[in-house]
Amino acid sequence: MEKLIYLDNAATTAVKPEVFEAMKPYFLENYSNPNSVYTFAQQGKKALDEAREAIAALIGAKANEIYFTGGGSESDNWAVKGIAEASASKGKHMITTKIEHHALLHTCEYLEKKGCEVTYLDVDEYGMVRLDELEQAIRPDTVLISIMFANNEIGTVEPVREIGAIAKKHGIPFHTDAVQAFGHLPLNVDEMNIDMLSASAHKFHGPKGVGFLYIRNGVKPATLIHGGAQERARRAGTSNVPGIVGMAEAARLAVRDMEENSRKISEIRNHLIERVLNEIPFSRLNGHREQRLANNVNFCFRFIEGESLLIMLDQKGICASSGSACTSGSLDPSHVLLAIGLPHEIAHGSLRLSLSEKNTMEEADYVADCLKTIVERLRSMSPLYEDFVKNQKEI
Ligand SMILES: *Cc1c(COP(=O)(O)O)cnc(C)c1O
C-alpha cells in the first residue's frame, strides 16, 4: 500500500515499539504461569504485581483494587452485570445514558430482559449528560449509575466529577467506562468519586484483548468468570502476563506524554475542524467544542452517506469510520448522533476521524483536501442534493 493515513485511533491504536519490547520476554523467556510454585514462575508473578501497582498509581487507586480483564467490553459487562446480581436484594434499577458504548448498552438491555429496570438518560445537543436529570432519575432502589467518561463517537467528555459527587451523596456506586479517557485525560478515582472504572489497553497503544476494571475496596460486583483464584478469585483464568506487562508499559508512556501529546494532537484536530467547517458547505461538527477528547473529530455532511464517504477515503489511503466500528456495515444510524438530536438523514452522513500523536499537519491538510473533493463529488451524484439546490433556486 502506498499511502496510509490512520485516523481510526478510537477503534484501535498501534502498539508502541517500547510496549512490544516490554512484552517480548514474557512470550519467549518468562512464559511461566505466574501461579506456579517453582522459582521460574517468580518473574511472571513479579511482573504482574508491578503492573498492578503501576496502573493503580496512575489513577490514584490501591494495587488490590485493579482487576485485569480481557478488555473494555469485559470490564463493562463485569461492572454492570456484577452489580445487578450482587445488589438484586437491594434493588433492580440502574441509570446510564443513551450514548454509551454497546458493551454497556447491550449489557443493560440484556439485564432488562432479566427483570432489571434501566433509565437511559438523554444528553444535550453536545452529548452532555444533564446533572439535574441524573439526580431526578435516582430512586430508592437504584443500585448503579454507569456513565461513560468520554464518548467514543463524538468525543464529548462528561462531567464525571459532578456525576461522582451526586452518586456519592446518594450512596450509589458509580461506574465509568473510561476506555476512551484512560491515558488520554487526567483521572483520579478518589477526587472524582469513581467506584468502578473500565479501561482497555488497545485504546492507548497497548495490546488488544487486555484491560482492567478498577473496583473500589468495599464495592462487590458478583464474579463474572468462575474458575481459578486469579484476580483475588474474582476473575478466573491464567493471567495474560505479556498483555498485562504491555498494558502497564503503554499506560506509563501514555500518562507520561499525555500533556505534550494532547497539545500536539488538539492543534492538528483544530486545524482539521477549521478547514472542514470553513471550506465544505453544509458540514457540521458533532460533539462539544471544548469538553472534547483531543483526538476526536466527528462531522456530518448533509446529502451524503457515511459509507460512500468511507470507501472513497479508503481509496485515498485514509482510514476513518462512520458511527462506531461495531455499527459500520449496518444501515442503522449511530445511536449517539440520534441522541444528540440529529435527524436520521443527517446522522447517516457522519464521519469520525480519531487522531494519534503520529499524525501530522500535512496529513490533516491532505485529508481536508480529499474530503473537499469527495464530498463535492458525492453531492454531484446525490438526488437529495439536486432537489435541495432546485428548491433553493425556486425560493
Ligand atoms: C473500544 C471501547 C470499548 C470496548 O473495548 P474492547 O477492549 O474493544 O472490548 C468499550 N467502551 C468504549 C467507550 C470503547 O471505546
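Values in this document were obtained by computation on a predicted structure and should not be read as measured data. (Residues numbered from 1 in each chain as written. Predicted model: local features only at pLDDT ≥ 70, side-chain atom pairs only at ≥ 80, totals over all residues. Heavy atoms only, no water.)

A.B. asks: Sorry, what's going on with the overall build of the chain here?
C.D. replies: Counting its secondary structure elements, the chain contains 15 helices and twelve strands. Taking 395 residues into account, the globule formula puts the C-alpha radius of gyration at 21 Å, and the chain, at 22 Å, falls close to it. Along the three orthogonal principal directions, the C-alpha set of the chain runs to about 80 × 50 × 35 Å. Considering the chain as a whole, with its 395 residues, one finds that 56% of them fall into the buried category. Here the contacts in the chain between residues at least 6 apart in sequence split such that 72% fall between residues at least 24 apart. When the accessible surface of the chain is split by element, carbon and sulfur atoms take 52% of a total near 17,500 Å². (Helix = DSSP H or I, 4+ residues; strand = E, 2+ residues; numbered from the N terminus. Rg over C-alpha atoms; globule rule 2.2 N^0.38 Å. Buried < 20%, exposed > 50% of the residue type's maximum accessible area, 1.4 Å probe, protein only. Contact = heavy atoms within 4.5 Å. Areas by Shrake-Rupley, 256 points an atom, 1.4 Å probe, with all protein chains shown as cover.)

A.B. asks: Quick question: what am I supposed to make of the pattern of salt bridges here?
C.D. replies: Two side chains that carry opposite charge are able to pair once their charged atoms sit near each other. For the structure shown, the criterion picks out 23 salt bridges. Of the charged contacts, one joins lysine 16 and glutamate 357 as a salt bridge, the two residues approaching to 3.6 Å between their closest N and O atoms. With lysine 16 in the loop between strand E1 (5-6) and helix H1 (17-23) and glutamate 357 in the loop between strand E12 (350-354) and helix H14 (361-380), this residue pair connects regions lying 341 residues apart in the sequence. Lysine 16 gets classed as buried once you look at its relative accessible area, which sits at 14%. Given the relative accessible area of 17%, glutamate 357 is considered buried. (Salt bridge = Lys/Arg side-chain N within 4 Å of Asp/Glu carboxyl O.)

A.B. asks: Is there a simple way to explain helix H9 (residues 241-256) in this structure?
C.D. replies: Counting along an α-helix, one turn takes 3.6 residues, and residues three or four places apart therefore face a common direction. Taking 1.5 Å per residue, 16 residues should reach 22 Å; H9 reaches 22 Å between its end C-alpha atoms and fits that length. Counted residue by residue, H9 has 13 buried out of 16 residues, so it is predominantly covered. (Expected span 1.5 Å × (residues − 1).)

A.B. asks: Help me understand the packing of helix H11 (residues 306-315) against H14, please; the structure alone is not making it clear to me.
C.D. replies: Helix-helix packing is described using two parameters, namely the angle between the two axes and the distance between the axes. Relative orientation of the contacting elements H11 and H14 amounts to 135°, with a least axis distance of 10 Å. What the angle tells us is that H11 and H14 run oblique. Here H11 runs over H14; the crossing is right-handed. Between H11, through Ser308, Leu309, Met312 and Leu313, and H14, the contact on the second element is made entirely by Leu371, Ile374, Val375, Arg377 and Leu378. A per-class count over the contact of H11 with H14 returns seven nonpolar, one polar and one charged. (Axes fitted to C-alpha atoms, helices over the stretch in contact; angles between N-to-C directions. Parallel < 35°, antiparallel > 145°, perpendicular 65-115°, else oblique. Left-handed = near helix turned anticlockwise from the far one by under 90°. Nonpolar A, V, L, I, M, F, W, Y, C, P; charged D, E, K, R; others polar.)

A.B. asks: Got a minute to help me understand the packing of helix H10 (residues 258-279) against H14 in this structure?
C.D. replies: H14 packs onto H10 with a crossing angle of 20° between their chain directions and a minimal axis gap of 9 Å. Relative to H14, the element H10 is oriented roughly parallel. Crossing angle aside, the handedness with which H10 passes H14 is right-handed. Contacts between H10 and H14 involve Glu267, Ile268, His271, Leu272, Arg275, Val276 and Glu279 from the first element and Met361, Ala364, Asp365, Val367, Ala368, Asp369, Leu371 and Lys372 from the second. Of the residues belonging to the contact of H10 with H14, the class tally is eight nonpolar, one polar and six charged.

A.B. asks: What am I meant to see in the site of the ligand here?
C.D. replies: What surrounds the ligand is a group of 13 residues, the closest being Ser73, Asp177, Gln180, Ser200 and Lys203. The side chain of serine 73 places a nitrogen or oxygen atom 2.7 Å from an oxygen atom of the ligand. Glutamine 180 is positioned with one of its side-chain polar atoms (N or O) 2.7 Å from an oxygen atom of the ligand. The protein chains hide 87% of the 380 Å² of surface that the ligand would expose on its own. Residue contributions to the shell around the ligand peak at three residues, all from helix H4 (residues 72-86). Here the residues of the shell around the ligand sort into two nonpolar, eight polar and three charged. (Near = heavy atom within 4 Å. Polar contact = N/O pair within 3.5 Å; in protein donor to acceptor, adjacent residues only side chain to side chain.)

A.B. asks: Just to check I follow, could you spell out the packing of aromatic side chains for this structure?
C.D. replies: Ring pairs (aromatic) are described by centroid distance and by the angle formed between their planes. Applying the stated criterion to the full structure yields ten aromatic pairs. With 6.5 Å between their ring centres and 20° between their planes, tyrosine 385 and phenylalanine 388 make a pair best called stacked. With tyrosine 385 and phenylalanine 388 both in helix H15 (residues 383-394) and three residues apart, this pair spans about one turn of that helix. Taking relative accessible area as the criterion, tyrosine 385 reaches 22% and is therefore assigned partly exposed. (Phe/Tyr/Trp six-rings, centres within 6.5 Å; stacked < 30°, edge-to-face > 60°.)

A.B. asks: What is the right way to read the sheet that holds strand E10 (residues 296-301) from this model?
C.D. replies: Backbone-to-backbone hydrogen bonds join strands into a sheet, with any given pair of strands oriented parallel or antiparallel. Spatially, E9-E10-E12 is the arrangement adopted by the three strands of the open sheet, whose pairing is antiparallel. What marks the edges here is a single partner per strand, and that holds for strand E9 (283-285) and E12. Across this sheet, the average inter-strand angle for adjacent strands is 25°, counted without regard to direction. Where E10 lies against E12, five bridges are found, and the strand directions are antiparallel. In the sheet register, cysteine 300 faces E12, and the bridge partner there is serine 350. Each of E9, E10 and E12 is contacted by H10, which is oriented at about 10° to E10, the strand it contacts most. (Pairing = 2+ DSSP bridges.)

A.B. asks: What is the right way to look at the side chain of histidine 205 in this model?
C.D. replies: Assignment of secondary structure puts histidine 205 in the loop between strand E7 (196-200) and strand E8 (211-215). Since its relative accessible area comes to 7%, histidine 205 is described here as buried. Contacts of histidine 205, omitting those with residues within four sequence positions, involve Asn9, Thr13, Ala14, Val15, Lys16, Val19, Ala250, Ser356 and Glu357.

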